[in-house]
Amino acid sequence: SYYPIKSWGLLEDDNVGGTRHHVWARIDIPGPKDLWVISVHMSTQYTKRLKSMSDLLDDIETLGIPASDFLAIGGDFNTKKFADTTLETLASTGRIVLDTSEAEDYPIDQSGNGATSSNRTKPLDGIYTSQNLKNLRTPVVIGKAKNLTLRGLVFDSREFKPLSEVSPILESDSAAKNMQHMAVVKDYAIQR
């Protein structure tokens, strides 16, 4: 991390199996608030994903994240559609704000596609934040790339132009063997 990590740990998730756990960190960013981030990898099965989301809310309470601090949860949610009801669980306590509609809020690539699966048909991945962090969103800027928005970016090397701005990435990288997900980027302007 560019800024000091005050603490970190693993959150067990029995609904995913194997060695996949959620990772959290408390980052000492400039200013009076800390940034808490949680990286997730949810199950592909709806009922297990729903249970994971519920358990994650319990974990957030257990961590004791102050309501005034910033919170971001990102990663592989394995959601098959933009309005996946399992995500509503994250928003149920008011700590996390979901992107409100495909037309307004979801990150997109430079061609306007918000899907993150390798075949670009499903929104598997995302970044969801507390409202106080969402209020600080700023357009994504990557060199001289055009069509980058406040919504955020789904990065696909087959679509990103000019690719020279992210050298040494090759156009074929997002189509590599076993590639399953595109990256999601959101930018925020934090006061120092």
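Bear in mind the structure is a predicted one, so any value in this text is a computation, not a measurement.

(A) Highlighting the overall build of the protein. A tally of helices and strands in the protein yields three helices and nine strands. In terms of C-alpha radius of gyration, the protein reaches 17 Å, essentially the compact-globule figure of 16 Å for 192 residues. Structurally, the protein occupies a C-alpha span of about 45 × 40 × 30 Å along its principal axes. Contacts in the protein between residues far apart in sequence, at least 24 positions, make up 64% of those at least 6 positions apart. Counting only carbon and sulfur atoms, one obtains 53% of the accessible surface of the protein, whose full area is about 10,100 Å².

(B) Molecular detail of the nonpolar core. One finds I38, L56, I60, L71, I73, F77 and L90 to be the most contacted residues of the largest nonpolar core, which totals 21 residues. Taken together, the elements giving at least two residues each to this core come down to β3 (35–41), α1 (46–63), β4 (70–76) and α2 (85–91). Looking at which element gives the most residues to this core, the answer is α1, with four residues. With residues up to four places along the chain from it excluded, the contact list for I60 reads I38, I65, L71, I73 and R95. A145, L148, L153 and F155 belong to the second-largest nonpolar core, a separate cluster that totals nine residues.

(C) Structural view of the pairing of strand β5 (residues 125–129). Counting buried positions along β5 yields five of five residues, so the element is predominantly enclosed. Here β5 shows a buried face lined by D125, I127 and T129 and a second buried face lined by G126 and Y128. In the sheet, β4 pairs with β5 via five bridges, with the strands oriented antiparallel. Following the sheet pairing, A72 is matched in β5 by T129.

(D) How the structure looks around the sheet that holds strand β1 (residues 5–11). Strands sit in the order β1-β2-β3-β4-β5 across an open sheet of five strands; the sheet is mixed. Each edge of the sheet is formed by a strand with only one pairing partner; in this case those strands are β1 and β5. Pairs of neighbouring strands in the sheet enclose a mean axial angle of 15°, with direction left out of account. Note that β3 and β4 share seven bridges and pair parallel. Bridge pairing in β4 links I38 to I73. On the sheet, α1 packs against β1, β2 (22–27), β3 and β4 and is oriented at approximately 150° with respect to β3.

(E) Broad picture of unusual backbone geometry. Along the chain, K161 connects to P162 via a cis peptide bond; the corresponding omega equals -10°. As for its placement among the helices and strands, P162 is situated in the loop between β7 (153–155) and β8 (183–185). Backbone geometry places R120, a non-glycine residue, at a positive phi of 65°. Within the secondary structure layout, R120 lies in the loop between α2 and β5. The backbone of N147 sits at a positive phi, close to 65°, despite the residue not being glycine. Inspection of the secondary structure puts N147 in the loop between β6 (137–138) and β7.

(F) Seen up close, α1. Between its first and last C-alpha atoms α1 spans 26 Å; for 18 residues at 1.5 Å apiece the expected length is 26 Å, and the two agree. For α1, the complete set of buried residues consists of R49, S52, M53, L56, L57 and I60. With its buried residues spanning 145° around the axis, α1 presents them on a single face. Those residues of α1 that are exposed and angled more than 90 degrees off the buried face are T47, E61 and T62.

(G) View of the environment of N15. Positionally, N15 belongs in the loop between β1 and β2. Contact partners of N15, with chain neighbours within four places excluded, come to S43, K48, K51, S52 and D55. A polar contact of 3.4 Å, which involves the side chain of N15, links it to the side chain of S52. Looking at N15, its side chain comes within polar contact range of the side chain of D55, at 3.2 Å.

Reading the values: the criteria
Residues numbered from 1 in each chain as written. Predicted model: local features only at pLDDT ≥ 70, side-chain atom pairs only at ≥ 80, totals over all residues. Heavy atoms only, no water. Helix = DSSP H or I, 4+ residues; strand = E, 2+ residues; numbered from the N terminus. Rg over C-alpha atoms; globule rule 2.2 N^0.38 Å. Contact = heavy atoms within 4.5 Å. Areas by Shrake-Rupley, 256 points an atom, 1.4 Å probe, with all protein chains shown as cover. Core = buried A, V, L, I, M, F, W, Y, C linked by side-chain atoms within 4.5 Å. Buried < 20%, exposed > 50% of the residue type's maximum accessible area, 1.4 Å probe, protein only. Pairing = 2+ DSSP bridges. Axes fitted to C-alpha atoms, helices over the stretch in contact; angles between N-to-C directions. Expected span 1.5 Å × (residues − 1). Arc of directions from axis to C-beta. Polar contact = N/O pair within 3.5 Å; in protein donor to acceptor, adjacent residues only side chain to side chain.

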